[in-house]
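Breakdown of the fold
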Amino acid sequence: MIHFQEEAARCLLCADAPCSRVCKNGDPARAIRAIRFGNEALAKQWVAECTDEDLTQAEAACIHYDRPIRIRELVATLAAPAPSGKGESPSLAIDFIGIPCENPFFLASSAVCTNYEMVARAFDAGWAGVFFKTVCMQDIHEVSPRFDAVKDSTSFVGFRNMEQLSENPVEVDFDIMHRLKQDYPSKVVIASIMGQTEEQWIELAKMAEAAGVDAVELNFSCPQMRLAGMGSDVGQNAELVTFYTAYVKRSVKIPVIAKMTPNITQINQPAMGAYFAGTDAISAINTIKSVTMSPLSAVSDRQTVSGYSGRAVKPIALRYIYEMAANPLMKKVQLSGIGGIETWRDALEFIQLGCHNVQVCTAVMEYGYRIIDDLILGLQNYLSERGIDRLESLVGEQLPNFVRPSDLDRGTVVFPKIDREKCIGCGRCHTSCMDGGHQAMSFDLQTRQPRIIGTKCVGCHLCRLVCPTGAIGLAKRIKK
């Protein structure tokens, strides 16, 4: 039988999917998208009424470049939808620096929110708010091409961009934000700004406030500005972060959010600068300085250092969020998490480390605003399963589980455990253990069965991580 998650990962997530167009009694494309974005337990509801003929026609209509998605087999692996129970789905409403938000999902200041039409479509789709693309007073001239990606099959593992700030005149951008706030009063509109001098920061902040936005974000973090003294040049200097934040805080009455750069060793240094200047919140992280070498991304045969985002940066972003959330001096400063968020589980991790909202960019660039459906669905289902009725209850709940390396339990061990029914005899565990682990795995070439050598195993779990079928799990933790 196929592995439903692997098969769903092959899906191209077509626009106006042909498979669903020909399916009379269901929506297989929506079911596959639910699996792809972490809602496999809920996916059956979109194909529960499908007949075998429906699924056969849907599979025949698939336009995959390789071979059609095996829709019939995939659907057969899905569990029946759980009873809906009584009452409505839990609310995802949460306050962020005093601003009511219908859910914690925001568009990050980037290419996904550069004009009225884009943001309006995102709001209509269900996004709670937007950090509008950064406004500045400099002339922005972008390069071509400006994007590159590190890919796994058809999806981005990491995404590199050389794009800078909004190319619109300042007045145009603030007019767009003003109209968005008028037309969508329940949505949250936050202006992202970047100045080069004290006067520019103050003027831009006042223009944002006059436009009627809910808050202003100070971009101290863009890694690819062509002019010195802007973006991450400021974010790496705690003194400048303090000064510019203080200038803006004194100039406007709306909340102020400082956006941190990850291109620094100690993020708490500029973060504390923003804190002492009175910032209401901190958003982190912006993209990580990087280099990719694809000739297809060269600009007139030249390369440069620019920002890296996507799934690959999430662990780094979580580290910075944790470091700020664990700082006892910053307990009153709320956090907005950014970096590699693609599924509701990703968002949950940021929230459990202390974020009141999350911002998404790369996943939207790759898959579109429609991912909000599964972000909301998955987080609501998680709250329901845990019997939690307030999203606020999850904020920071995992922080007590973090300790210093010196405080970790070093007197016990948990050994790997092989499930013989799932093992297909590929030998990956043996190869990795012999060449990269502790030579604690034997492999019978006749039966193609691995065996753990208990006297050598140290419980590092490299074997479990490389197993392609999930056949290696955990035994009970015991004393060494």
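Keep in mind that this is a model prediction, so the values were computed, not measured. (Residues numbered from 1 in each chain as written. Predicted model: local features only at pLDDT ≥ 70, side-chain atom pairs only at ≥ 80, totals over all residues. Heavy atoms only, no water.)

**Focus on the overall build of the protein**
Along the backbone of the protein there are 17 helices and 20 strands. A compact globule built from 480 residues would reach a C-alpha radius of gyration of about 23 Å, and the protein, at 24 Å, matches this within 12%. Burial analysis of the protein (480 residues in total) assigns 54% to the buried set. Considering only contacts in the protein between residues 6 or more positions apart, those separated by 24 or more positions represent 70%. For the protein, the computed accessible surface area is about 22,500 Å², with 52% contributed by carbon and sulfur atoms. A distance of 8 Å separates the average location of the 50 positive side-chain charges in the protein from that of its 54 negative side-chain charges. (Helix = DSSP H or I, 4+ residues; strand = E, 2+ residues; numbered from the N terminus. Rg over C-alpha atoms; globule rule 2.2 N^0.38 Å. Buried < 20%, exposed > 50% of the residue type's maximum accessible area, 1.4 Å probe, protein only. Contact = heavy atoms within 4.5 Å. Areas by Shrake-Rupley, 256 points an atom, 1.4 Å probe, with all protein chains shown as cover. Lys, Arg positive; Asp, Glu negative; His and termini not counted. Charge placed at Lys NZ, Arg CZ, Asp CG, Glu CD.)

**What to know about a nonpolar patch on the surface**
A grouping of Val291, Met293 and Val305 is seen on the molecular surface, where their side chains present a nonpolar patch of about 310 Å² in accessible area. With respect to the helices and strands, the residue Val305 is situated in the loop between strand 11 (288–290) and strand 12 (306–309). The class for Val305 is partly exposed, based on a relative accessible area of 42%. (Patch = residues over 30% accessible without salt bridge, like charges linked within 9 Å, V, L, I, M, F, W, Y side chains within 5 Å. Salt bridge = Lys/Arg side-chain N within 4 Å of Asp/Glu carboxyl O.)

**Observations regarding the environment of Met207**
Checked against the element boundaries, Met207 lands in helix 8 (residues 198–210). Distance in space between the C-alpha atoms of Met207 and Phe174 is 7.2 Å, their sequence separation being 33 residues. With near-sequence residues (within four places) excluded, Met207 lies in contact with Val170 and Phe174.

**Some points on helix 15 (residues 372–386)**
Taking 1.5 Å of rise per residue, 15 residues should cover 21 Å, and helix 15 covers 21 Å from first to last C-alpha, within 8% of that figure. If you check which residues of helix 15 are buried, you get Ile372, Asp374, Leu375, Gly378, Leu379, Gln380, Tyr382 and Leu383. A positive phi of about 70° marks Gly387, the residue just after helix 15. (Expected span 1.5 Å × (residues − 1).)

**Focus on the side chain of Glu142**
Structurally, the position occupied by Glu142 is in the loop between strand 4 (129–135) and strand 5 (147–152). Salt bridges are absent for the buried Glu142, whose nearest opposite-charge side chain, Lys133, sits at 4.5 Å. A polar side-chain atom of Glu142 sits 2.9 Å from the main-chain amide nitrogen of Gln164. The contact partners of Glu142, leaving out residues within four places of it in the chain, are Lys133, Met162, Glu163, Gln164, Leu165 and Glu167. (Polar contact = N/O pair within 3.5 Å; in protein donor to acceptor, adjacent residues only side chain to side chain.)

**Remarks on the environment of Arg404**
Relative to the elements of secondary structure, Arg404 occurs in the loop between helix 15 and strand 15 (412–413). Spatially, the C-alpha atom of Arg404 lies 23 Å from that of Leu348, the residues being 56 residues apart in sequence.

**A word on the sheet that holds strand 12**
Spatially, four strands are ordered 5-6-12-11 in an open sheet, and the strand pairing comes out antiparallel. Only two strands of the sheet have a single neighbouring strand rather than two, namely strand 5 and strand 11. Neighbour to neighbour, the strand axes of the sheet diverge by 35° on average, direction disregarded. Direction of pairing for strand 6 (residues 155–161) relative to strand 12: antiparallel, over a ladder of three bridges. (Pairing = 2+ DSSP bridges. Axes fitted to C-alpha atoms, helices over the stretch in contact; angles between N-to-C directions.)

**Re the nonpolar core**
Counting 132 residues, the largest nonpolar core has Trp127, Phe174, Met260 and Met324 as its most contacted members. Residues Cys433, Ala440, Ala471 and Ile472 belong to the second largest nonpolar core, which totals 11 residues. (Core = buried A, V, L, I, M, F, W, Y, C linked by side-chain atoms within 4.5 Å.)

**Here's the deal with unusual backbone geometry**
Here the residue pair Ser144 and Pro145 is connected by a cis peptide bond, since its omega of -5° sits within 30 degrees of zero. Look at the link from Ala284 to Ile285: it is a cis peptide, with omega at 10°. Positionally, Ile285 belongs in the loop between strand 10 (281–284) and strand 11. At Leu13, a residue that is not glycine, the phi angle is positive and equals roughly 55°. The residue Leu13 is located in the loop between helix 1 (4–10) and helix 2 (18–21) in this model. Overall, the relative accessible area of 9% leaves Leu13 in the buried class.

**Regarding the packing of aromatic side chains**
Following the criterion strictly, the structure yields 12 aromatic pairs and no others. Between the aromatic rings of Phe243 and Tyr247, the centroid separation amounts to 6.5 Å while the plane-to-plane angle is 25°, which identifies the pairing as stacked. Here Phe243 and its partner Tyr247 are both found in helix 10 (residues 238–251), four residues apart, which amounts to about one turn of the helix. Of the residues examined, Phe243 reaches a relative accessible area of 38% and is grouped as partly exposed. When the centroid spacing of 5.8 Å and the interplanar angle of 40° are considered together, the rings of Trp344 and Tyr382 count as tilted. A residue pair is termed long-range when its members are at least 10 positions apart, and Trp344 in helix 13 (residues 344–352) and Tyr382 in helix 15 qualify at 38 residues. The two residues Trp344 and Tyr382 agree in class, both being buried. A network of ring pairs unites the aromatic residues Trp201, Phe220, Phe243, Tyr244 and Tyr247 as a single cluster. Above the face of the Trp46 ring, Arg30 is positioned so that its terminal group lies 4.2 Å from the ring centre. (Phe/Tyr/Trp six-rings, centres within 6.5 Å; stacked < 30°, edge-to-face > 60°. Lys NZ or Arg CZ within 6 Å of the ring centre and 35° of its normal.)

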